[in-house]
Amino acid sequence: MKRSPEAKRLEEILRCSRIVAGGFMGEDPRPHEEIIEADGAALARLGVTARQLAVRMREMTEYGMAGLGTPVRFEERWEVVVDENRGETVCPWPHEGRYQKTVTTVRRIDTGETARWSALSVHFVEAHGFFQGRGSPFRLEPEDLARFLMAA
Ligand SMILES: [Zn+2]
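Reading guide: rules and limits
Numbering of residues starts from 1 in every chain and runs along the sequence as written. A pLDDT threshold of at least 70 governs which residues receive local features in this predicted model, and a stricter bar of 80 or more applies before side-chain atom pairs are shown or counted, although totals over entire chains, interfaces and linings include all residues. Note that the side-chain values use all heavy atoms of the structure and ignore hydrogens as well as water. Each pair of strands is called paired provided DSSP finds at least two bridges between the two strands. Only DSSP runs of H or I with at least four residues qualify as helices, and only runs of E with at least two residues qualify as strands; both kinds are numbered from the N terminus onward. Metal donors were taken as nitrogen, oxygen and sulfur atoms no farther than 2.8 Å from the ion, or 3.2 Å where the ion is Na, K or Ca. Water is excluded, so coordination may look unfinished. For four-coordinate sites, all angles between 85 and 135 degrees define a tetrahedron; for four- and six-coordinate sites, opposite donors beyond 155 degrees with the remaining angles between 65 and 115 define square planar and octahedral shapes respectively, and all other cases count as irregular. Relative accessible area decides the class of each residue, using a 1.4 Å probe on protein chains only: under 20% of the type maximum gives buried, over 50% gives exposed, and in between gives partly exposed. When checking whether two residues touch, look at their non-hydrogen atoms; a contact exists if any pair is within 4.5 Å. Every axis corresponds to a line fitted to the C-alpha atoms, with the helix fit spanning only the stretch in contact, and the corresponding angles, defined between N-to-C directions, vary from 0 to 180 degrees.

1. What to know about the pairing of strand 3 (residues 98-108)
Then, number 1: In terms of strand pairing, strand 2 (residues 78-90) meets strand 3 through 11 bridges, oriented antiparallel. Following the sheet pairing, valine 82 is matched in strand 3 by threonine 104.
Then, number 2: Of the strand pairs in this sheet, strand 3 and strand 4 (residues 114-118) are connected by five bridges, and their pairing is antiparallel. Bridge assignment links valine 106 to a residue of strand 4, and that residue is alanine 115.

Next up, the structure:
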């Protein structure tokens with residue numbers, strides 16, 4: 001793959017552990033462009049966009065904030081806990097943007113499944129279609145996430 005210096009630099013930042021322990025790529029050997037492409041294709045098969053997922057994730061986080069760290073029921077199927085850690089992180093992509101170190105944990109009441117994301121995770125999904133590398137602590141499998149969030 002022919003890559004620009006910017007793409008190479010971004011890959012280095014995504015793989016480094018300075019911003020988050022373990023980096024954003026985990027054990028995933030694939031270049032970030034390839035991860036984004038594969039995850040985008042998986043979502044396309046389901047007829048869902050990354051943006052739709054991000055909107056839903058943000059809605060849950062904002063709703064859950066009212067609980068101040070205790071579980072809040074969201075609609076009929078989910079329970080949301082938001083931990084508002086102090087401090088901010090920046091996105092490794094070259095643009096302005098700071099994100100709270102908020103961590104949202106959502107549990108499906110019917111299945112017991114859980115999903116977890118940070119404010120930066122939501123931004124990654126929405127702006128970059130990036131669900132992080134496999135093995136990253138905040139990796140979200142797009143198909144699982146779509147089913148988890150969009151359950152009818
Ligand atoms: Zn960004």
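Having seen the model, we can carry on.
2. With respect to the coordination of the zinc ion
Then, number 1: Only Cys91 (SG), His95 (NE2), His123 (NE2) and His128 (NE2) from the protein reach the zinc ion as donors, at distances of 1.9 to 2.2 Å.
Then, number 2: Taken together, the four donor atoms coordinating the zinc ion span angles of 103 to 118° at the metal, a pattern that classifies the geometry as tetrahedral.
Then, number 3: Read N to C, the donor residues that coordinate the zinc ion are spaced as C-x3-H-x27-H-x4-H. Each member of the pair, histidine 123 as well as histidine 128, carries the same accessibility label: buried.

3. Things to note about helix 4 (residues 119-128)
Each turn of an α-helix holds 3.6 residues, which means side chains three or four residues apart point in the same direction.
Then, number 1: With seven of 10 residues buried, helix 4 is to be regarded as a mostly interior element.
Then, number 2: Here helix 4 has its buried residues at Leu120, Ser121, Val122, His123, Phe124, Val125 and His128.
Then, number 3: Those residues of helix 4 hidden inside the fold are in contact with helix 2 (32-46), helix 3 (50-64), strand 2, strand 3 and strand 4.
Then, number 4: Phi turns positive, to about 60°, at glycine 129, one or two residues after helix 4.

4. Concerning the side chain of threonine 102
Then, number 1: Note on placement: threonine 102 falls in strand 3.
Then, number 2: Excluding residues that lie within four positions of it along the chain, threonine 102 makes contacts with Thr61, Met65, Val82, Asp83, Glu84, Asn85, Trp117, Ser118 and Ala119.

5. Structural notes on the sheet that holds strand 1 (residues 72-74)
Then, number 1: Taken in spatial order, the four strands line up as 1-2-3-4 in an open sheet, and their pairing is antiparallel. Each end of this open sheet is capped by a strand with a single partner; those strands are strand 1 and strand 4. Shown here is a sheet whose adjacent strand axes are inclined to one another by a mean of 30°, direction ignored.
Then, number 2: Pairing of strand 1 with strand 2 involves three bridges; the strand directions are antiparallel. Note that in strand 2 the partner of valine 72 across the bridge is valine 80.
Then, number 3: Its contacts with the sheet place helix 3 against strand 1, strand 2, strand 3 and strand 4, and it is angled at close to 145° to strand 1.
Then, number 4: Docked against the sheet, helix 4 engages strand 2, strand 3 and strand 4, running at close to 90° with respect to strand 4.

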